[in-house]
Amino acid sequence: MNPAVLIYGLVAFIFSIVVHVAVWRLRRPRNRPLALAVVFFAVLPAPLGLLASFGPFHIDPAGWFAVVLLHTALAAAYILSYPAVEAMSPTLVVALMVGRSAEGVDREDIVRFFEECAVLEPRINDLLDSRFIARTGGGLTLTPAGRAVTAFFIAFRRVLGLPTGGG
Amino acid sequence: MVLFLLILASTPLILLVSQGIIGRFLRLVGLPAQGQPVVILCFLAGYFPVGLVLWKVYLSGLAGESVSLATASVYAFVVYTVLGYAYFHVFNMSETARRVRIMREIYHSGRLAESELPSIYSIDAMLDNRMARLAALGQISVDGGRVRLKGRLLYNAARVISALATVLGYSPLSGPEAPGTPSPPSRPHRSDDVA
């Protein structure tokens, strides 16, 4: 395997990260899942085209497939980690709370902490912004995209023989 | 090389199948089969068989070319690890994500009034679920209502995520600086969010 595969895959990923940070700091998109998909996948031909045209290494078609796979793997890992960045993940907040205190934290203090902050409202707003749910007739309903995502997770848990999940 | 890449691209599928089989087997013999530890077990155990198959289909053919062999080995390790990490996140979302939980409640009921959500999603149950998972992963210990840090992996992950949040213009993850002094995390929607 040509070592340039590793270099080009990393360069393409770093290019996407730079675009992502620039866009987010400039003007954060409302539909962030869609925007992430665009930044990491729809824009991908740009760095690959530049590397193919001006890059110092020659790569064969299978090598380009390897570059795209490496970029896709890194992008998937980043995109799936991203919700914890923009939303307050209760699991990570518990880890931070407990980690900051050498003596530990009372469970009741953690409960009180979560009672004082909105746990669900920001998530509902995210789902509305992402167009996975909609407000209709005084209630929340799934959009076709939200129904597809939910059906995927239900099927995923069934394949694993697990109950449909906690949350 | 194409077969080598296709096998690597199938990593999430390989983990799905192995988790389905190993999880069912553990439950069948009455052993604890909590989701996240089983995923981690499948992921770590997968290095050897996947590596063996990759050796057979591609890497063994590079035995005389040390640079190519080293590159392909590093490549395989990185792609398997990163896709395994991504699979772990998908599984976590199915298990813990509030958004998935809200969508699932709406999916089953057809329509949900926002006023019903607090009764469906209790803070106590949410916290109990997460603390049980953190304890099962060896990250915290709970002793007489006192929660202490046991492993530093998720704590360090939380610090990295918090730093990344700052880079992206969000306020960092926050929690009480000292026990008994809760302060809500400040993660408001920015007013310049655009459609």
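Please read all numbers here as calculations on a predicted model, not as lab measurements.

Caption draft 1: Inspection of the interface of chain B and chain A at higher detail. Each partner contributes residues to the interface: chain B has 99 residues there, and chain A has 101 residues. Of the roughly 9300 Å² buried at the junction of chain B and chain A (both faces included), carbon and sulfur atoms supply 67%. If you look at where chain B meets chain A, you find 6 salt bridges. The shortest N-O distance in the salt bridge between D128 of chain B and R107 of chain A comes to 2.6 Å. For the pair chain B and chain A, the number of links is 24 residue pairs in polar contact (both at pLDDT 80 or more). Among the elements of the structure, α1 (2-9), α2 (11-28), α4 (66-96), α5 (98-109), α6 (117-120), α7 (123-136), β2 (146-149) and α8 (153-167) of chain B are those that each provide at least two residues to the side of chain B that touches chain A.

Caption draft 2: Here's a closer look at α8 of chain B. Here α8 of chain B spans 21 Å end to end across 15 residues, near enough to the 21 Å set by a 1.5 Å rise per residue. Among all positions of α8 of chain B, only Y155, A158, I161, S162 and A165 of chain B are buried. All buried residues of α8 of chain B lie within an arc of 120° about the axis, which places them on one face of the element. In α8 of chain B, the exposed positions angled more than 90 degrees off the buried face are occupied by L153 and V160 of chain B. The secondary structure elements touched by the buried residues of α8 of chain B are α4 (61-86) and α5 (90-99) of chain A together with β2 of chain B. Of the residues one or two after α8 of chain B, G169 of chain B is the one with positive phi, at around 90°.

Caption draft 3: Quick look at the pairing of strand β1 (residues 140-143) of chain B. Residue and element names in this part refer to chain B. Two elements, β1 and β2, share 4 bridges in a ladder whose sense is antiparallel. Following the sheet pairing, D143 is matched in β2 by R146. Adjacent in sequence and paired antiparallel, β1 and β2 are bridged by 2 residues, among which G144 carries a positive phi angle near 55°.

Caption draft 4: Main features of the environment of N31 of chain A. Its place among the elements puts N31 of chain A in the loop between α1 (4-26) and α2 (32-42). For the pair N31 of chain A and T143 of chain A, spaced 112 residues apart in sequence, the C-alpha to C-alpha distance is 14 Å.

Caption draft 5: Region of the structure containing the packing of α5 of chain A against α7 of chain B. Contact pair α5 of chain A / α7 of chain B: the axes reach a minimum separation of 10 Å and the direction vectors enclose 65°. Relative to α7 of chain B, the element α5 of chain A is oriented roughly perpendicular. When the axes of α5 of chain A and α7 of chain B are compared, the crossing they make is right-handed. Here α5 of chain A contributes P90, T91 and V94 of chain A to the contact with α7 of chain B, which in turn contributes M126, L127, R130 and L134 of chain B. Along the lines of polarity and charge, the residues of the contact of α5 of chain A with α7 of chain B split into 5 nonpolar, 1 polar and 1 charged.

Caption draft 6: The arrangement of the confidence of the model for chain A in detail. Averaged over every residue, the pLDDT of chain A is 87; the share at 70 or more is 97%. Element-level mean pLDDT values for chain A span from 82 in helix α6 (residues 107-116) of chain A up to 93 in helix α8 (residues 144-159) of chain A.

Caption draft 7: Fine view of the nonpolar core. Core analysis: the largest hydrophobic core is formed by 72 residues, its most contacted members being M1 of chain A together with F4, L8 and Y75 of chain B. With near-sequence residues (within four places) excluded, M1 of chain A lies in contact with A66 of chain A together with M1, F4, L5, Y58, L62, S68, T71, A72 and Y75 of chain B. Counting residues in each nonpolar core, the second largest holds 31 residues, with M97, V119 and L142 of chain A together with I106 of chain B among its members.

Caption draft 8: Seen up close, the pattern of salt bridges. For the structure on display, the rule yields 13 salt bridges over all chains. One salt bridge connects R107 of chain A with D124 of chain B, and the closest N-O pair in it is separated by 3.0 Å. Note that R107 of chain A is positioned in helix α6 and D124 of chain B in helix α7, a pairing that runs across two chains. With a relative accessible area of 39%, D124 of chain B lands in the partly exposed category. Sharing partners across several salt bridges, the network here consists of R32, R123 and D126 of chain A together with R99 of chain B.

Caption draft 9: Representation of the packing of aromatic side chains. All told, the structure shown has 16 aromatic pairs over all chains when counted by the stated rule. An aromatic cluster is defined as three or more aromatic residues linked by ring pairs; in this entry it consists of F152, F153 and F156 of chain A together with Y87 and F91 of chain B.

Caption draft 10: Geometry of a nonpolar patch on the surface. There is a patch of nonpolar side chains on the surface, built from F65 of chain A together with V2, L3, L6, V53 and V57 of chain B and spanning about 460 Å² of accessible area. Contributing elements (two or more residues each) for the nonpolar patch: α1 and α3 (35-57) of chain B. Top element by residues in the nonpolar patch is α1 of chain B. It accounts for 3 residues. When you line up the elements, V53 of chain B lands in helix α3. Here V53 of chain B falls in the partly exposed class, since its relative accessible area comes to 39%.

Caption draft 11: Representation of the sheet that holds β1 of chain B. Across the sheet, which stays open at both edges, the 3 strands sit in the order β1(A)-β2(B)-β1(B) with antiparallel pairing between neighbours. Among the strands making up the open sheet, the edge pair consists of β1 (105-106) of chain A together with β1 of chain B.

Cut-offs applied
- Residues numbered from 1 in each chain as written.
- Chains lettered and ligands numbered in written order.
- Predicted model: local features only at pLDDT ≥ 70, side-chain atom pairs only at ≥ 80, totals over all residues.
- Heavy atoms only, no water.
- Contact = heavy atoms within 4.5 Å.
- Buried area = accessible area lost by both parts, 1.4 Å probe.
- Salt bridge = Lys/Arg side-chain N within 4 Å of Asp/Glu carboxyl O.
- Polar contact = N/O pair within 3.5 Å; in protein donor to acceptor, adjacent residues only side chain to side chain.
- Helix = DSSP H or I, 4+ residues; strand = E, 2+ residues; numbered from the N terminus.
- Expected span 1.5 Å × (residues − 1).
- Buried < 20%, exposed > 50% of the residue type's maximum accessible area, 1.4 Å probe, protein only.
- Arc of directions from axis to C-beta.
- Pairing = 2+ DSSP bridges.
- Axes fitted to C-alpha atoms, helices over the stretch in contact; angles between N-to-C directions.
- Parallel < 35°, antiparallel > 145°, perpendicular 65-115°, else oblique.
- Left-handed = near helix turned anticlockwise from the far one by under 90°.
- Nonpolar A, V, L, I, M, F, W, Y, C, P; charged D, E, K, R; others polar.
- pLDDT = per-residue confidence, 0-100.
- Core = buried A, V, L, I, M, F, W, Y, C linked by side-chain atoms within 4.5 Å.
- Phe/Tyr/Trp six-rings, centres within 6.5 Å; stacked < 30°, edge-to-face > 60°.
- Patch = residues over 30% accessible without salt bridge, like charges linked within 9 Å, V, L, I, M, F, W, Y side chains within 5 Å.
- Areas by Shrake-Rupley, 256 points an atom, 1.4 Å probe, with all protein chains shown as cover.

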